[in-house]
Amino acid sequence: MIKKRISASVIVKSNRVVQSISYRKYLPIGSIEPVVENLDRWGVDEIIIFDIDRSKNNLGPNYDLIKAISSIPISTPLAYAGGINNYKDAIRVISSGSERVIVDNLFFKNPKNIKNISNAIGSQALLLALPLTINKNGIFHFNYLNEKSKLLDLHKILGLKPYFSELIIIDYLSQGFDSKFDIGLLEIFNENDIDIVCYGGIGVSGLSSQILATKNVKSIAFGNILNYGELKFQEIKKSIKYSKKNLRRSIFREKI
């Protein structure tokens, strides 16, 4: 059995780690190197970097940032999102030190490039991230570049399913809040056999166990909450009532 993961999300803005609240408000945290070192030491299963300035400012991926992270002696796998527009960007992100790449708005701007990226690096190394919200009119994608929401075309996602390994569902309205992730976001994907990572407002509560019990969910990611204490990740793991034998075992790597 492939065990489910507990991942960490790191939001980067202007080369600094920030606390993000609903993709609209940002509070400074600091340099990325100590943040990544701590997450690695605490034993998270994956570190997901969202470099949110890159696409908005047409800067391309932040290769210097990726190289700086990969130069730290850590063993935790990295996934990187930010400014990836084509297969050449993706290849260079991988060669700079990230195990996987993540795309978001490229899905809407040029879905053909998603196929090209997948063919270049392999579908297992490509993830699709979608900031979403749901209401009585359907499920909507939030474009953080223009801060507008649009009804999600599920058929487009299903058409690209062979080209990415996991879909990161981001409850962007709940990001920065505790125990607010909208379970309804999962229901639309339950019957479509898409592997899912959930992120945004999960918090320390029974909600994480409920999400992990969903068949298609392969990982849950925590962000802001990890900045509030040295042993916060261990607290999260202890709070999860989901069968521990079905989770990857965390190893606390104390640096001496």
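Our subject is the structure listed above.
Residues numbered from 1 in each chain as written. Predicted model: local features only at pLDDT ≥ 70, side-chain atom pairs only at ≥ 80, totals over all residues. Heavy atoms only, no water.

Draft legend 1. Local environment of the overall build of the chain. The number of helices and strands found in the chain is 10 helices and 12 strands. On C-alpha atoms alone, the chain measures out to a radius of gyration of 17 Å, which is about the 18 Å that the 2.2 N^0.38 rule sets for 256 residues. By principal-axis analysis of the C-alpha atoms, the chain measures approximately 45 × 40 × 40 Å. For the chain, with 256 residues in total, the buried portion stands at 55%. In the structure as shown, the chain presents an accessible area of about 11,800 Å², 50% of it carried by carbon and sulfur atoms. Separation of charge centres in the chain, based on 35 positive and 24 negative side chains, amounts to 2 Å. (Helix = DSSP H or I, 4+ residues; strand = E, 2+ residues; numbered from the N terminus. Rg over C-alpha atoms; globule rule 2.2 N^0.38 Å. Buried < 20%, exposed > 50% of the residue type's maximum accessible area, 1.4 Å probe, protein only. Areas by Shrake-Rupley, 256 points an atom, 1.4 Å probe, with all protein chains shown as cover. Lys, Arg positive; Asp, Glu negative; His and termini not counted. Charge placed at Lys NZ, Arg CZ, Asp CG, Glu CD.)

Draft legend 2. Highlighting the pattern of salt bridges. Per the counting criterion, the structure on display carries 6 salt bridges. Residue R5 pairs with E166 through a salt bridge whose shortest N-O separation is 2.8 Å. In this pair, R5 is assigned in strand β1 (residues 5-13) and E166 in strand β10 (residues 166-171), connecting sequence segments 161 residues apart. On the basis of relative accessible area, R5 is assigned to the buried category, the value being 9%. Among the residues examined, E166 registers a relative accessible area of 6% and is labelled buried. (Salt bridge = Lys/Arg side-chain N within 4 Å of Asp/Glu carboxyl O.)

Draft legend 3. Broad picture of empty space enclosed by the protein. By the definition in use, this model includes 2 cavities of 30 Å³ or more. Here the largest cavity defines a volume of roughly 210 Å³. In terms of lining, the largest cavity is formed by 20 residues, of which the most central are S55, A81, G82, D104 and Y144. Looking at the lining of the largest cavity, the elements with two or more residues in it are β4 (47-51), β6 (100-103) and α5 (106-109). R54, S55, N58, L59, G60, G83, N85 and K109 are the residues that line the second largest cavity. Looking at the lining of the second largest cavity, its residues break down into 1 nonpolar, 5 polar and 2 charged. (1 Å grid on protein atoms, 1.4 Å probe; cavity = no way out; pocket = protein on both sides within 12 Å on 5 of 7 lines; lining within 4 Å. Points joined across faces, edges and corners; volume = space filled by probe spheres on them. Nonpolar A, V, L, I, M, F, W, Y, C, P; charged D, E, K, R; others polar.)

Draft legend 4. Looking closely at the packing of helix α3 (residues 63-70) against helix α4 (residues 87-96). The N-to-C vectors of α3 and α4 enclose an angle of 25 degrees; their axes lie 8 Å apart at closest approach. On the basis of the axis angle, α3 is roughly parallel to α4. Seen along the crossing, α3 lies across α4 with a hand that is right-handed. Taken together, the residues of α4 that come into contact with α3 (itself represented by Y63, I66, K67 and S70) are D89, R92, V93 and S96. (Axes fitted to C-alpha atoms, helices over the stretch in contact; angles between N-to-C directions. Parallel < 35°, antiparallel > 145°, perpendicular 65-115°, else oblique. Left-handed = near helix turned anticlockwise from the far one by under 90°. Contact = heavy atoms within 4.5 Å.)

Draft legend 5. Representation of the environment of D182 within the structure. Looking at where D182 falls in the secondary structure, it is placed in the loop between β10 and α8 (184-187). The spacing of D182 and I134 is 48 residues in sequence and 8.2 Å in space, taken between C-alpha atoms.

Draft legend 6. Structural view of the side chain of N113. Inspection of the secondary structure assignment puts N113 in helix α6 (residues 111-121). If near-sequence neighbours (up to four positions away) are discounted, N113 is found in contact with N85, N86 and L106.

Draft legend 7. Representation of the packing of α4 against α6 in the model. One can describe the packing of α4 onto α6 by two numbers: an axis separation of 8 Å at closest approach and a directional angle of 40 degrees. With respect to their mutual orientation, α4 and α6 come out oblique. In this structure, α4 meets α6 at a crossing whose hand is right-handed. Taking contact as the criterion, the partners of Y87, A90, I91 and I94 in α4 are, on α6, N116, I117, A120 and I121.

Treat this as a map of the structure, not an account of what it does.
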